[in-house]
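What follows is the residue order along each chain.
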Amino acid sequence: MNPPPPPPSQISNIEPRKSGGLSLISVASYVFNYQLVGKPFLAYQRHQDERKLKALKQKPQQLLAPPLVRTARMKEMMSRHYLQARYANGVRKVAWVTSGAPVEILQALGFVLIYPENHAALCGARKKAEEICTEAENAGYSRDLCSYARTDLGTLLSGKTIVGRLPRPDLLLCCNNICQTVHLWYRVLASRMKVPLVLIDTPFLYEPAQPHQIEFVKRQIEEMIPVAERVAGKSLSMARLKEVARYSKDAAELWLEILNRGRQKPSPITAFDGFTNMGPIVDLRGEAETVEFYRSLLEEIDERIAAGIPAVKGEKYRVLWDNLPIWYRMGWLSKTLGKQGINLVASDYTYAWGELAPMMDVEKPLDTAARVYLHPILNRSTGDKLRSMKRMVKDFDLHGVILHSDRSCKPYSLGQIDQRDRLTKDLGLAAVLLEADHNDPRAFSEEQALGRIEAFAEMLH
Ligand code: SF4
């Protein structure tokens, strides 16, 4: 079957801004603020953080293991990434991308990449999202819109952020394999900032992708390349693309291995460790340092296993977390669950960034990109998601499931009531729905959440 031609609207017709070459002031600012001052300062701060984390000793009454020491390195990498981006305009080309976009091509072309979803999550974790979302709402964007989109639009309108400043994009790359919200959100960005937008349209999968569907996505990726090359002002090197694809695959494999350490009993990690350390697999996949970081994180987790240190002392119940985390309540949730002897040993959200690693063939980066970016959990049917959850229940030997009914993320929350009922009926598991929002604290009630968790703990007993 011949693939249909991609719709003409996929690449917006806004001309890329004239490059105008490097700006001397921008280069000087980049070199001074990022390379000479910022990078060494962040390295120093990481050493200080590591020293403090190493000195932390778990007190006898403390239920949760101290944070992983390598988290300090993750913090340095992410801070450096945003610092570099802050001074990138006029020095490097910048692209804003959705989390499920085929970014390896842009990386191979040397773009600095900004993931507005990750930026929004950082604002959420630092409890700034409500204030920033309000800026978007005051400008007329509905509170029913995803809180990641509202955080991003709020930053765009007000400049408010926790990372100093977001650079202006030269290109927008949006892939609708996670939801349709991103399509409309990126159209707003393109029209407000007058930036070319590339949309990769991925057919929704009710079964594994058929060859014509892979071809359909691959052709769109091929059409994107000359647009990205024009913005970057250089040609794509296939050798460099394969190198980036190799780093992506290696990092995804290591990430999967890390998460699979949750199968140990008791588990050395919690889903919260996964949420905290997932920044590089989202924002920095395709980089050598990311591979190195996850290798060292895995080593530290293995040291914990060897030393017999559980993530939750007296782990009684092993539980799966479904959906995005509640970024602004991670500390409260981990303590509240820990008190009940509950360890979230797995999360289908963090797993999504590793489970597709076996599909990656670095020698065929375009075919791989088409296949892999067609298969994220949110581009597959709810029945397929239920099957994945059941597999995880078996592989991690779980007692229950907490399904975060996320007011913002409709595609992730769709079908959760049926999934809860099927997990209870088919597997005899305890399962509970927890209503909240991943980034907007106005949709979270501590009393209600506490009541649900206590009732869930009763079911587990
Ligand atoms: S609706 Fe869900 S998938 Fe879409 S941007 Fe928001 S959190 Fe991501």
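Note on numbering: residues in each chain are counted from 1, in written sequence order. Residue-level local features of this predicted model are given only where pLDDT is at least 70; pairs of side-chain atoms are given and counted only at 80 or more, and the full residue set underlies all totals for whole chains, interfaces and linings. As a rule here, side-chain values come from all non-hydrogen atoms in the structure, and water together with hydrogens is ignored.

1. Describing unusual backbone geometry
Part 1 of the reasoning: In this chain, K265 is followed by P266 through a cis amide linkage whose omega measures -10°.
Part 2 of the reasoning: Phi angles above zero are rare outside glycine, and N323 is one such case at about 95°.
Part 3 of the reasoning: Each helix is a run of H or I in the DSSP string that is no shorter than four residues. Each strand is a run of E no shorter than two, and both are numbered from the N terminus. Its location among the elements puts N323 in the loop between β5 (317-322) and α13 (330-339).
Part 4 of the reasoning: One non-glycine residue with positive phi stands out, namely D397, at about 50°.
Part 5 of the reasoning: Within the secondary structure, D397 is located in the loop between α16 (382-395) and β7 (400-406).
Part 6 of the reasoning: Classification of D397 by relative accessible area gives partly exposed; the value is 40%. Whether a residue is buried, partly exposed or exposed follows from its accessible area with a 1.4 Å probe, protein chains only, as a fraction of its type maximum: under 20%, in between, or over 50%, in that order.

2. With respect to the confidence of the model for the protein chain
Part 1 of the reasoning: Note on scores: pLDDT gives the predictor's confidence for each residue, bounded by 0 and 100. For the protein chain, mean pLDDT is 95; residues scoring 70 or higher make up 95% of the total.
Part 2 of the reasoning: Here, two residues are considered to be in contact whenever any of their heavy atoms come within 4.5 Å of each other. Scored below 50 in pLDDT, residues 1-9 makes 15 contacts in the model with residues more than four places away or belonging to other chains.

3. What about the sheet that holds strand β6 (residues 342-347)?
Part 1 of the reasoning: The pairing criterion for strands is at least two bridges between them, as found by DSSP. Here four strands make up an open sheet; going across it, the order is β6-β5-β7-β8 and the pairing parallel. At either margin of the open sheet sits one strand with a lone partner, and together these are β6 and β8 (430-436). Averaged over neighbouring strand pairs, the angle between their axes works out to 30° when direction is ignored.
Part 2 of the reasoning: Relative to β6, β5 runs parallel, the two being bridged by five bridges. Its bridge partner being in β6, Y317 is matched across the sheet by I342. The axes are straight lines fitted to the C-alpha atoms, using for helices just the contacting stretch, and the angles between their N-to-C directions are given from 0 to 180°.

4. Overview of the packing of aromatic side chains
Part 1 of the reasoning: In this scheme Phe, Tyr and Trp rings, the latter by its six-membered ring, pair at centre separations within 6.5 Å, and the angle between planes marks the pair as stacked below 30 degrees, edge-to-face above 60, and tilted otherwise. Applying the stated criterion across every chain, the model contains 12 aromatic pairs.
Part 2 of the reasoning: Ring centres of W255 and Y294 lie 5.2 Å apart, and the angle between their planes is 55°; on these two criteria the pair is classed as tilted. Pair noted here: W255 is in helix α9 (residues 238-260) and Y294 is in helix α12 (residues 288-307), with a separation of 39 residues, a long-range link.
Part 3 of the reasoning: Relative accessible area serves as the criterion here: at 1%, W255 is assigned to the buried category.

5. Observations regarding the side chain of T290
Part 1 of the reasoning: Within the secondary structure, T290 sits in helix α12.
Part 2 of the reasoning: Look at T290 and you get buried, because its relative accessible area is 0%.

6. Here we look at helix α7 (residues 181-193)
Part 1 of the reasoning: Compared with the 18 Å implied by 1.5 Å per residue over 13 residues, the 18 Å span of α7 between its first and last C-alpha is a close match.
Part 2 of the reasoning: Buried within α7 are the following residues: V182, H183, W185, Y186, L189, A190 and M193. Along α7, the residues classed as buried sweep out an arc of 165° about the axis, all on the same side.
Part 3 of the reasoning: Those residues of α7 that are buried lie in contact with β1 (94-97), α4 (116-125), α6 (147-158), β3 (171-175) and β4 (197-200).
Part 4 of the reasoning: Immediately beyond the C-terminal end of α7, within one or two residues, lies K194, with a positive phi of roughly 55°. Helix span, as expected, comes to 1.5 Å for every residue beyond the first. This arc describes the spread of directions from the helix axis toward the C-beta atoms.

7. Describing empty space enclosed by the protein
Part 1 of the reasoning: Think of a 1 Å grid over the protein atoms and nothing else: a 1.4 Å probe that fits but is trapped marks a cavity, an open set flanked by protein within 12 Å on at least five of seven lines marks a pocket, and residues with an atom within 4 Å of a point count as lining. Grid points are joined across faces, edges and corners, and a volume is the space filled by probe spheres set on the points. With the rule as written, the count across this model stands at four cavities of 30 Å³ or more.
Part 2 of the reasoning: If you list the elements that add at least two residues to the lining of the largest cavity, you get α3 (104-108), α9 and α15 (365-372).
Part 3 of the reasoning: Each residue gets one of three labels, nonpolar for Ala, Val, Leu, Ile, Met, Phe, Trp, Tyr, Cys and Pro, charged for Asp, Glu, Lys and Arg, and polar for the others, Gly among them. A per-class count over the lining of the largest cavity returns 10 nonpolar, two polar and three charged.
Part 4 of the reasoning: Of the volumes computed, that of the second largest cavity is approximately 60 Å³.
Part 5 of the reasoning: L259, I269, T270, A271, V345, A346, S347, T350, Y351 and F396 together form the lining of the second largest cavity.
Part 6 of the reasoning: Among the elements that take part in the lining of the second largest cavity, β6 stands out by supplying three residues, more than any other.
Part 7 of the reasoning: Its residues assigned to classes, the lining of the second largest cavity comprises seven nonpolar, three polar and no charged.

8. Comments concerning the side chain of T368
Part 1 of the reasoning: The topology assignment puts T368 in helix α15.
Part 2 of the reasoning: For T368, the residues in contact, after removing those within four places along its chain, are M359, M360, D361 and Y373.

9. Topic: the site of the ligand
Part 1 of the reasoning: Surrounding the ligand, one finds C146, Y148, I178, C179, V182, W185, L324, L378, S408, C409 and H438.
Part 2 of the reasoning: Here the residues of the shell around the ligand sort into nine nonpolar, two polar and no charged. We define proximity as follows: a residue is near a molecule or strand when any one of its heavy atoms falls within 4 Å of that partner.

10. Re the sheet that holds β1
Note: strands within a sheet are paired through backbone hydrogen bonds, in either parallel or antiparallel orientation.
Part 1 of the reasoning: In spatial order, the strands read β2-β1-β3-β4; together these four strands make up an open sheet with parallel pairing. This sheet does not close on itself; its edge strands, each paired only once, are β2 (112-114) and β4. Looking at each pair of strands side by side, their axes are set apart by 25° on average, direction ignored.
Part 2 of the reasoning: Bridge count between β1 and β3: three bridges; the pairing is parallel. Looking at the pairing, V97 lines up with L173 of β3.

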